[in-house]
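Structural overview
Next come the chains, spelled out residue by residue.
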Amino acid sequence: MPNSKDSDTASISLLASIQDRFHCMSDGTIRDSNSQGWVVWNIVDFHRWWHAFETNAAVPLGRKLMHAAADQEEYSLNQSAFFKIGWFMRKKRLISSLSTRWSEMGWGVYGFDSSTALSNLLAPTCSGFALAAVEGMTGERKKIQWHQVSNVMIQLDMEKDSRSISLAPSPPQFTWDSNSETPSFIEGKPVELDLQSVEHGWSNSGERTCFLPSGLFQRLFQYVKMQGLVLSPEILSAWELPEQSSHSDWIPLILTTLAVNEMISQSELPIYIQDLDSWNQLNEAYLEPYGLGTFSRLTALDEQGGVEFELCPTSVFPFTVAYLIAYWQRGIGRKAKVKLEQKNAKWILQLTSLRSYSF
């Protein structure tokens, strides 16, 4: 049984490393020192979100998730010149550095010799991160298959691919983040976590948690956008979207809101909305600390809980919108009518009752 004092020391050291690497920004995002965006995810919530997202999309997306994870991790490692080190004991030093990276991210452990991951992440996500590491180590493209051996063990089978290595492009941008700005890292505040080192990762406030790159979701959303999905009239009837942008641009965002709403419905999260200040409390408790965005202004619209938010364009915009809608529907107890419009460099999100109620 691990010594509790050693565990506490490891937790303190890990938190210090994380706080050196990740800062909370004024726009509600979390950035690393290379300006890459990250989100702090409760792992159970991420599993629930993913299964709801894939179910609502009604197409298999596991392979797309793996490629999104691999491409984003490859991009992040290249941006930090991770593999550009001398040849003396290169493999040993890289394995040590990657082990530290996985530990800080909360991804678990990857064994290069056994091609086995011990992780609580979804297998496609973990496999994508591992694939990027192996390709960077070997300088070769790999074909990959994965097998979920147990709840925490994932066996990876990789073989050389004839394709040559080409640098992963930057994450795609969408209508909602085309005007986004990157805040200065030095102006941010270190991430605050109630962190405890646990087997194959770490927990926050007793819940297994990890960092996931926001670029992963941008890449996934691009894949989804290209699928040509058609949403039902019933779903679309709750939305009023900007006319100047393509309908397909918004499908990933709408699917995200549906999935987050299902995820929140399955949780025991206490959501109480009594007045406008309740929204500030929700923001400070559940959005900003986890890199899920924020709002710069809010205004009451009616006496039935209707509210208007002013949002900054960010890469996590779909999640900011999704959580605000989910909180509104849970806290107010009604289905929301959603209106999104762009005003200058900001976005306006209005949430009102989908149906009229008389009192």
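In case you missed it, the structure is sitting above this.
Residues numbered from 1 in each chain as written. Predicted model: local features only at pLDDT ≥ 70, side-chain atom pairs only at ≥ 80, totals over all residues. Heavy atoms only, no water.

Here's the deal with the side chain of threonine 294
This is how the line gets drawn: Helix and strand definitions follow DSSP, with helices as H or I runs of at least four residues and strands as E runs of at least two, each counted in order from the N terminus. The classification of residues rests on relative accessible area computed with a 1.4 Å probe and restricted to protein chains. Under 20% of the type maximum is buried, over 50% is exposed, and intermediate values are partly exposed. Any two residues whose heavy atoms approach within 4.5 Å are treated as being in contact.
Take threonine 294: it is sitting in the loop between helix 9 (276-287) and strand 13 (297-300). With a relative accessible area of 11%, threonine 294 lands in the buried category. When neighbours within four sequence positions are excluded, threonine 294 is seen to be in contact with Ser26, Asp27, Gly28, Asn283, Glu288, Leu311 and Thr320.

So, the nonpolar core
Counted only if it meets this: Residues belong to one nonpolar core when they are buried, are Ala, Val, Leu, Ile, Met, Phe, Trp, Tyr or Cys, and are joined through side-chain atoms within 4.5 Å.
Among the nonpolar cores identified, the biggest contains 104 residues, and Trp41, Trp49, Phe53, Phe211, Trp279, Phe309 and Tyr323 are the most heavily contacted of them. Among the elements that line this core, the one with the most residues is helix 10 (residues 317-332), at 11 residues. Excluding residues within four positions of it along the chain, tryptophan 279 makes contact with Ile273, Phe295, Leu298, Val307, Phe309, Leu324, Tyr327 and Trp328.

Focus on the sheet that holds strand 13
Operational definition: Any two strands with at least two DSSP-identified bridges between them are counted as paired.
Across the sheet, which stays open at both edges, the five strands sit in the order 12-15-16-14-13 with mixed pairing between neighbours. Pairing within the sheet leaves two strands with one partner each, and these edge strands are strand 12 (239-240) and strand 13. Where strand 12 meets strand 15 (residues 336-343), two bridges bridge the pair, whose relative direction is parallel. What sits directly across from tryptophan 239, in strand 15, is valine 338.

A closer look at the packing of helix 4 (residues 90-105) against helix 5 (residues 123-138)
Just so we agree on the cut-off: Here an angle of 0 to 180 degrees is reported between the N-to-C directions of two axes, which are lines fitted to C-alpha atoms, with helices fitted over the stretch in contact. An angle below 35 degrees is read as roughly parallel, one above 145 as roughly antiparallel, one from 65 to 115 as roughly perpendicular, and any other as oblique. Handedness of a crossing is defined here by the sense of rotation of the near helix relative to the far one, left-handed for an anticlockwise turn of less than a right angle and right-handed for a clockwise turn.
Interhelical geometry of helix 4 versus helix 5 gives an angle of 160 degrees and a closest axis separation of 11 Å. Comparing their axes, helix 5 and helix 4 come out roughly antiparallel. For the pair helix 4 and helix 5, the crossing hand works out as right-handed. Residue-level contacts link Arg90, Lys91, Leu94, Ile95, Leu98 and Trp102 of helix 4 to Cys126, Phe129, Ala130, Ala133, Gly136 and Met137 of helix 5.

Topic: the pattern of salt bridges
Opposite charge on two side chains permits them to pair, given that their charged atoms come into close proximity. Our working rule: Basic side-chain nitrogens of Lys or Arg form a salt bridge, by our definition, when they fall within 4 Å of a carboxyl oxygen of Asp or Glu.
Across all of its chains, the model carries 11 salt bridges by this definition. Here arginine 141 ties to glutamate 135 by a salt bridge, and the two come within 2.7 Å at their closest N and O atoms. Note that aspartate 249 is salt-bridged to lysine 225, the shortest N-O span being 2.8 Å. Pair noted here: aspartate 249 is in helix 8 (residues 247-266) and lysine 225 is in helix 6 (residues 214-225), with a separation of 24 residues, a long-range link. The partly exposed category is assigned to lysine 225, whose relative accessible area is 26%.

Considerations on the packing of aromatic side chains
Our working rule: Here is the rule: rings of Phe, Tyr and Trp (six-membered ring for Trp) pair when centre to centre is within 6.5 Å. Planes less than 30 degrees apart are stacked, more than 60 are edge-to-face, and the remainder are tilted.
Using the criterion set out here, one finds 31 aromatic pairs in the structure. Ring geometry for phenylalanine 46 and phenylalanine 217: centres 6.1 Å apart, planes at 80 degrees, overall edge-to-face. Of this pair, phenylalanine 46 sits in helix 2 (residues 43-57) while phenylalanine 217 sits in helix 6, and the two are 171 residues apart along the sequence. Taking relative accessible area as the criterion, phenylalanine 46 reaches 3% and is therefore assigned buried. Taking relative accessible area as the criterion, phenylalanine 217 reaches 2% and is therefore assigned buried. Both rings, one in tryptophan 102 and one in tyrosine 110, keep their centres 6.0 Å apart while their planes meet at 35 degrees; by these two values the pair is tilted.

Notes on unusual backbone geometry
Phi is positive for histidine 200, close to 60 degrees, though the residue is something other than glycine. Overall, the relative accessible area of 17% leaves histidine 200 in the buried class. Positive phi, close to 55 degrees, is recorded for serine 205, a residue that is not glycine. Locating serine 205 in the fold gives a position in the loop between strand 10 (201-204) and strand 11 (207-213).

Structural notes on the environment of methionine 25
By the element assignment, methionine 25 lies in the loop between strand 1 (22-24) and strand 2 (30-32). As for methionine 25 and isoleucine 186, which are separated by 161 residues in sequence, their C-alpha atoms are 9.4 Å apart. When residues no more than four places from it in sequence are discounted, the contact partners of methionine 25 are Arg31, Pro183, Ser184, Phe185 and Gly188.

Comments concerning the state of the cysteines
Just so we agree on the cut-off: We call a pair of cysteine sulfur atoms a disulfide whenever their separation is within 2.5 Å.
Across all of its chains, the model carries zero disulfides by this definition. Cysteine 24 takes part in no disulfide bond, and the closest cysteine sulfur to it belongs to cysteine 312, at a distance of 15 Å. With a relative accessible area of 13%, cysteine 24 lands in the buried category. The thiol of cysteine 210 is unpaired, and the distance to the nearest cysteine sulfur, on cysteine 126, comes to 10 Å.

Quick word on the environment of asparagine 261
Summarising the element assignment, asparagine 261 is placed in helix 8. For asparagine 261, a relative accessible area of 23% translates into the label partly exposed. Here the alpha-carbon distance between asparagine 261 and leucine 351, two residues 90 residues apart in the chain, equals 14 Å. Dropping the residues within four chain positions of it, asparagine 261 is found in contact with Ala326 and Gln329.

Let's talk about the sheet that holds strand 10
Spatially, the seven strands line up as an open sheet ordered 8-1-2-3-11-10-9, and their pairing is antiparallel. A strand with exactly one partner marks an edge of an open sheet, and here the two such strands are strand 8 (189-190) and strand 9 (195-198).

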